[in-house]
Amino acid sequence: MELVSNLPVYQTVPEKYIFPPDKRPANDIVNHSINLPVIDLRGGGIDSDGQDEIIRDIMKAGKEFGFFQVINHGISTKTIDNMLQVCENFFKMPAQEKERYYSDDMSRAFFLNSSTQYDKSQTRYWRDYLRIACYPIEEFVDQWPEKPENFREILSEYTLRVREIASKILKLIAEGLGLHKDYFAGDLSKGNIKMEVNFYPPCPDPSLTMGLLPHCDRQLITVFAQGTATTGLQAKYKQKWINVKPIPGAFVVNFGHQLEIVTNGILKSVEHRALTNSTVARTSIATMTMPTMDCLIAPAKELVNENNPPMYKEFIFRDFIKAYDAALANREGVLEFFKLY
């Protein structure tokens, strides 16, 4: 079991974590003057007077950035902080406590691993992670660990609350596209909700390493808690990287490949990555709303016409997963399988 969180405190970065100079983040241009839009969901219930403005803000952010942050979303800061803390406590457990959860079996409902499945035994990423199947809760709860204390209880509460946010945002997006508000409520979002918990220990020299590779998410939509310890998440914007600055109590929302395809490119799935830092451990939690594996994915018929033909062919979601893995999560590589032109 090789976990970054189990390594001794090094003064230098071990060789296997050092990226070639052309792949180090220090060589990329970062635009420090651009921040993601912050959308206030207060009063943004489906029948509220403020709904139209919120829909406009979401659509504008989705078209330009594919990313935004949401505040006043209805989940208490305590609920978010409890989830971040209990996950950090998991990674801080002794190696022997974590060992039984370590696995390369992607079909497991709960497993622990390090780096990423896409490193192909090349340079490793400075990251440990949990992959959790978390909804329907009753189907998976018995497969979650009982330690740290209250892990199952806290994870259950957090899952239910974040699912509500994702459902609400998808309804607002549907209305913004001129679709029925429940357009995304069927098989497009009824796959098992997955959660990926990332843990990035302090790194001796962040200029040599990466926390996570540039990628787009394969699912429909991601609701992301990044904590407030330090900035680590970056998103691509106009061929440059921008920092996603932590906001206490906020969630980052980003669109996956499936939303870009269903909207025929109106909304964008944008590359993002994670950096390391030298001072504090950073924990983040991505909660992913997935289609069912047998869901038929295609541009919405309401959004295509003679002047706006479909950009993507129809496919079954499980086939997309295979293509995503074959392309090692590379954005252009995976979309090439499904583009019509």
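Thresholds applied
Residues numbered from 1 in each chain as written. Predicted model: local features only at pLDDT ≥ 70, side-chain atom pairs only at ≥ 80, totals over all residues. Heavy atoms only, no water. UniProt positions renumbered as here; feature names shortened; annotations may be inferred. Salt bridge = Lys/Arg side-chain N within 4 Å of Asp/Glu carboxyl O. Helix = DSSP H or I, 4+ residues; strand = E, 2+ residues; numbered from the N terminus. Buried < 20%, exposed > 50% of the residue type's maximum accessible area, 1.4 Å probe, protein only. Pairing = 2+ DSSP bridges. Axes fitted to C-alpha atoms, helices over the stretch in contact; angles between N-to-C directions. Parallel < 35°, antiparallel > 145°, perpendicular 65-115°, else oblique. Contact = heavy atoms within 4.5 Å. Nonpolar A, V, L, I, M, F, W, Y, C, P; charged D, E, K, R; others polar. Core = buried A, V, L, I, M, F, W, Y, C linked by side-chain atoms within 4.5 Å.

The name given to the chain in an unreviewed UniProt entry is 2-oxoglutarate (2OG) and Fe(II)-dependent oxygenase superfamily protein, with Rhynchospora pubera as the source organism. What UniProt states about the chain under its Sequence similarities (unreviewed entry) heading is, verbatim, "Belongs to the iron/ascorbate-dependent oxidoreductase family."

**A closer look at the pattern of salt bridges**
A side chain of one charge can pair with a side chain of the opposite charge when the charged atoms of the two come close. The tally for this structure, following the rule as stated, stands at 13 salt bridges. Between Asp325 and Arg218 there is a salt bridge whose closest N-O contact spans 3.7 Å. On the criterion of sequence distance, the pair formed by Asp325 in helix H7 (residues 317–326) and Arg218 in the loop between strand E6 (212–215) and strand E7 (221–225) is long-range, its members being 107 residues apart. Note on Asp325: relative accessible area 28%, which makes it partly exposed. Between Asp294 and Arg318 there is a salt bridge, with the nearest N and O atoms lying 3.0 Å from each other.

**Here we look at the sheet that holds strand E11 (residues 272–274)**
Pairing between the strands of a sheet comes from backbone hydrogen bonds, and it takes one of two forms, parallel or antiparallel. Reading across from one edge, E6-E11-E8-E9 is the order of the 4 strands in this open sheet, with antiparallel pairing throughout. Each edge of the open sheet carries a strand with a single partner, namely E6 and strand E9 (240–243). The average undirected angle you get between the axes of adjacent strands in this sheet is 25°. Judged from the 4 bridges that link them, strand E8 (residues 233–237) and E9 form a sheet pairing that is antiparallel. Across the sheet, residue Lys236 finds its bridge partner in E9, namely Trp241.

**Some remarks on the UniProt feature "domain: Fe2OG dioxygenase" (unreviewed entry) in the chain**
Under the feature "domain: Fe2OG dioxygenase" (unreviewed entry), the UniProt entry names residues 191–291. End C-alpha to end C-alpha, residues 191–291 measures 5 Å, and it is 6% helix and 42% strand.

**Points about the packing of helix H1 (residues 51–64) against helix H5 (residues 151–176)**
To characterise two packed helices, one gives the angle between the axes of the helices and the distance between these axes. In the contact formed by H1 and H5, the axes pass within 9 Å of each other and the chain directions differ by 85°. One element, H1, and the other, H5, form an angle in the roughly perpendicular class. Contacts between H1 and H5 pair Gln51, Ile54, Ile55, Ile58 and Met59 from the former with Leu172, Ile173, Glu175 and Gly176 from the latter. By residue class, the composition of the contact of H1 with H5 is 6 nonpolar, 2 polar and 1 charged.

**A short note on the nonpolar core**
Note on soluble globular proteins: their nonpolar side chains tend to be buried together. Residues Phe68, Ile132, Ile173, Phe184, Met195, Phe251 and Ile285 are the most contacted members of the largest nonpolar core, which totals 88 residues. Among the elements that take part in this core, H5 stands out by supplying 11 residues, more than any other. Setting aside its immediate chain neighbours within four residues, Met195 contacts Met83, Leu130, Arg131, Ile132, Cys134, Leu155, Tyr158, Thr159, Ile285, Ala286, Thr287 and Met288. With 12 residues, the next largest nonpolar core counts Leu233, Ile242, Val252 and Val270 among its residues.

**Focus: the sheet that holds strand E12 (residues 282–289)**
Strand order in the open sheet made by the 8 strands is E1-E2-E10-E7-E12-E5-E4-E3, with mixed pairing throughout. Two strands close off the open sheet at either side, each with one partner strand: strand E1 (38–40) and strand E3 (110–114). Averaged over all pairs of adjacent strands, the angle between strand axes in this sheet comes to 25°, irrespective of strand direction. In the sheet, strand E4 (residues 128–135) pairs with strand E5 (residues 193–200) via 7 bridges, with the strands oriented antiparallel. The residue bridging Tyr129 from the neighbouring strand is Asn198, located in E5. Lying on the sheet, H1 is in contact with E1, strand E2 (67–71) and strand E10 (251–255); it crosses E1 at an angle near 160°. Against the sheet, helix H2 (residues 77–91) makes contact with E3, E4, E5, E7, E10 and E12, and its axis sits at roughly 115° relative to E12, the strand it touches most.

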